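Listed below, chain by chain, are the residues.
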Amino acid sequence: MSAIAVREAIRDAIAHEMRQNNKVFLIGEEVGEYEGAYKVSQGLLDEFGPDRIVDTPITEAGFTGLAVGAAMKGLKPLVEFMTWNFAMQAIDHIINSAAKTFYMSGGKINIPIVFRGPNGRASRVAAQHSQDYSAWYSHVPGLKVLSPFDSSDAYCLMKSAIRDANPVIFLEHELMYNEKFILEENNEYLNIGKARIMLDGSDITIIAYSRAVETALKVANTLKDKNIYAEVINLRSLKPLDKNTIIKSVKKTNKVIIIEEAWKQSGVASEVLSIIIENAFDYLDAEPIRFCGKEVPLPYAENLEKNSLPNSDEIIKKCLDICL
């Protein structure tokens, strides 16, 4: 079985669903002739044509509003943002239209739509291109929020997002697009709201999502050399969260570390921590710890950028303090 890049996994999932359902279309800046700013839509224009792979002007508010209207009339739009930072131009359509209409119409108007694009840190593209919106969208009723790590996540979750009847926020990570992984098309991976246990362990639970799962696995492998066996949980779905997997793991290991590249204040790690305290507090043998990004706009300078994100050496040291 060969490895496949994350960007290719997303493209293949989109192509598969477009072949199955002629109501699905992709819209956004440079998604057609240029094949996507990050080459996610390579080959799609040739196969599906300009009616279903729709290039737009640089107007997030315009094409997002158009797509929400199309969803109201029964189509299935995939809206690509060149970066989620630019989706701020379309935030009214995402929050006040897509997320709320089903409720405000008494269930009469459905919005089956997927908003997707790169989220979080890139590499030296500075603060206005590097913000992580995971907690922002997870806070909003009416939205489902997915954050894949590897190719299996990307492929299976994208297929599930397109099939879902609700508006879905799909947060890709720019630095993961070119990473290659074996693609496992596991039916369980299709489940929105289901986490993946990347490594089984008995000594400490490490919880992460998106690219932070890479850090978690690196930490776990180092701990293994010291005979400490970490259980690594890849959240995958930020809303809904898989509370059962989190609670079950913490009750088994009695210790937990949460890693998140985004800011600590009101973040996803904070929500996970509250779930643990409310449901597994008596099982904890040590304080639960969050490792998050520093609460500053992400710097442009390479050394400052690196220092503002969770550091694996610091995490390993804390895990050793807890476990030994």
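Now for a description of the structure that goes with this document. Position numbers for residues count from 1 along each chain, tracking the sequence in the order it is written. Reporting of local features is limited, given that this is a predicted model, to residues whose pLDDT is at least 70; pairs of side-chain atoms are given and counted only at 80 or more, and all residues count toward the totals for whole chains, interfaces and linings. In computing side-chain values, all of the structure's heavy atoms are included and hydrogens and water are not.

1. With respect to the pairing of strand β4 (residues 76–80)
Note on exposure labels: buried denotes an accessible area under 20% of the residue type's maximum, exposed denotes more than 50%, and partly exposed covers the range between, all computed with a 1.4 Å probe on protein chains only. Strands here are runs of E lasting at least two residues and helices are runs of H or I lasting at least four, both read from the DSSP assignment and numbered beginning at the N terminus. Most of β4 sits inside the fold, with five of its five residues counted as buried. Burial along β4 is two-sided: the residues Lys76, Leu78 and Glu80 and Pro77 and Val79 are all buried. Criterion used throughout: strands pair if DSSP finds at least two bridges between them. Across five bridges, the pairing between strand β2 (residues 24–28) and β4 is parallel. Bridge assignment links glycine 28 to a residue of β4, and that residue is glutamate 80. Pairing of β4 with strand β5 (residues 114–119) involves three bridges; the strand directions are parallel. Across the sheet, residue valine 79 finds its bridge partner in β5, namely phenylalanine 115.

2. Quick word on the packing of helix α9 (residues 243–253) against helix α10 (residues 268–280)
Axis angles are defined between N-to-C directions and span 0 to 180 degrees, where every axis is a line fitted to C-alpha atoms and, for a helix, only to the segment in contact. Look at α9 against α10: their axes get within 10 Å of each other, and the N-to-C directions meet at 60 degrees. The angle between the axes of α9 and α10 places the two elements in the oblique class. In this structure, α9 crosses over α10, and the sense of that crossing is right-handed. Here α9 contributes Lys243, Ile246, Ile247, Val250 and Lys251 to the contact with α10, which in turn contributes Val272, Ile275, Ile276, Asn279 and Ala280. Charged residues are taken to be Asp, Glu, Lys and Arg, nonpolar residues to be Ala, Val, Leu, Ile, Met, Phe, Trp, Tyr, Cys and Pro, and polar residues to be all remaining types, Gly included. Considering only residue class, the contact of α9 with α10 consists of seven nonpolar, one polar and two charged. Oblique is the label for every angle not falling under 35 degrees (roughly parallel), over 145 degrees (roughly antiparallel), or within 65 to 115 degrees (roughly perpendicular). We call a crossing left-handed when the near helix sits turned anticlockwise from the far one by less than a right angle, and right-handed when that turn is clockwise. Should any heavy atoms of two residues lie within 4.5 Å, those residues are counted as being in contact.

3. Description of a nonpolar patch on the surface
Patch members must show over 30% relative accessible area and no salt bridge, and they are joined within 9 Å when carrying like charges or within 5 Å when they are nonpolar side chains of Val, Leu, Ile, Met, Phe, Trp or Tyr. Note on areas: these come from Shrake-Rupley sampling with a 1.4 Å probe, and a residue is covered only by the protein chains present in the view. Think of a salt bridge as a Lys or Arg side-chain nitrogen and an Asp or Glu carboxyl oxygen that are within 4 Å of each other. Residues Phe102, Tyr103 and Met104 make up a contiguous nonpolar surface patch of roughly 390 Å² in combined accessible area. With a relative accessible area of 70%, methionine 104 lands in the exposed category.

4. Overview of the environment of cysteine 323
Among the secondary structure elements, cysteine 323 is positioned in helix α12 (residues 312–323). Not counting the four nearest positions on each side in its chain, cysteine 323 is found in contact with Asp203, Ile204, Ile228 and Lys255.

5. A few points about the sheet that holds strand β14 (residues 289–293)
Sheet strands line up and pair through hydrogen bonds in the backbone, either parallel or antiparallel. Taking strand neighbours across the sheet as the criterion, the five strands line up as β9-β11-β10-β13-β14 in an open arrangement whose pairing is mixed. A strand with exactly one partner marks an edge of an open sheet, and here the two such strands are β9 (196–199) and β14. When strand polarity is set aside, the average angle formed by the axes of neighbouring strands in this sheet is 25 degrees. Pairing between β9 and strand β11 (residues 230–234): three bridges, direction antiparallel. Pairing of isoleucine 197 across the sheet is with isoleucine 233, part of β11. Sitting on the sheet, helix α8 (residues 212–224) is in contact with β9, β10 (204–208), β11 and β13 (256–263), with an inclination near 160 degrees to β10.

6. Overview of the nonpolar core
Counting 54 residues, the largest nonpolar core has Ile206, Leu223 and Ile257 as the members making the most contacts within it. Domains are outlined according to an automatic or database domain assignment. For this core, the domains that each give at least three residues are domain 1 (3–184) and domain 2 (196–323). Ignoring any residue separated from it by four or fewer positions in sequence, one finds isoleucine 257 in contact with Ile204, Thr205, Ile206, Ile207, Ile289, Phe291, Ile315, Lys318, Cys319 and Ile322. Nonpolar core, defined: a set of buried Ala, Val, Leu, Ile, Met, Phe, Trp, Tyr and Cys residues in which side-chain atoms within 4.5 Å join the residues together. The next biggest cluster of nonpolar side chains, apart from the first, holds 48 residues, and it includes Ile27, Ala70, Val140 and Leu238.

7. Points about unusual backbone geometry
With an omega of 0 degrees, the peptide bond between lysine 239 and proline 240 qualifies as cis. Inspection of the secondary structure puts proline 240 in the loop between β12 (237–239) and α9. We note that lysine 39 has phi near 60 degrees; this positive angle belongs to a residue other than glycine. Note that lysine 39 resides in the loop between β2 and α2 (44–48). For lysine 39, a relative accessible area of 28% puts it in the partly exposed group. Phi is positive for serine 210, which is not a glycine, with a value near 55 degrees.

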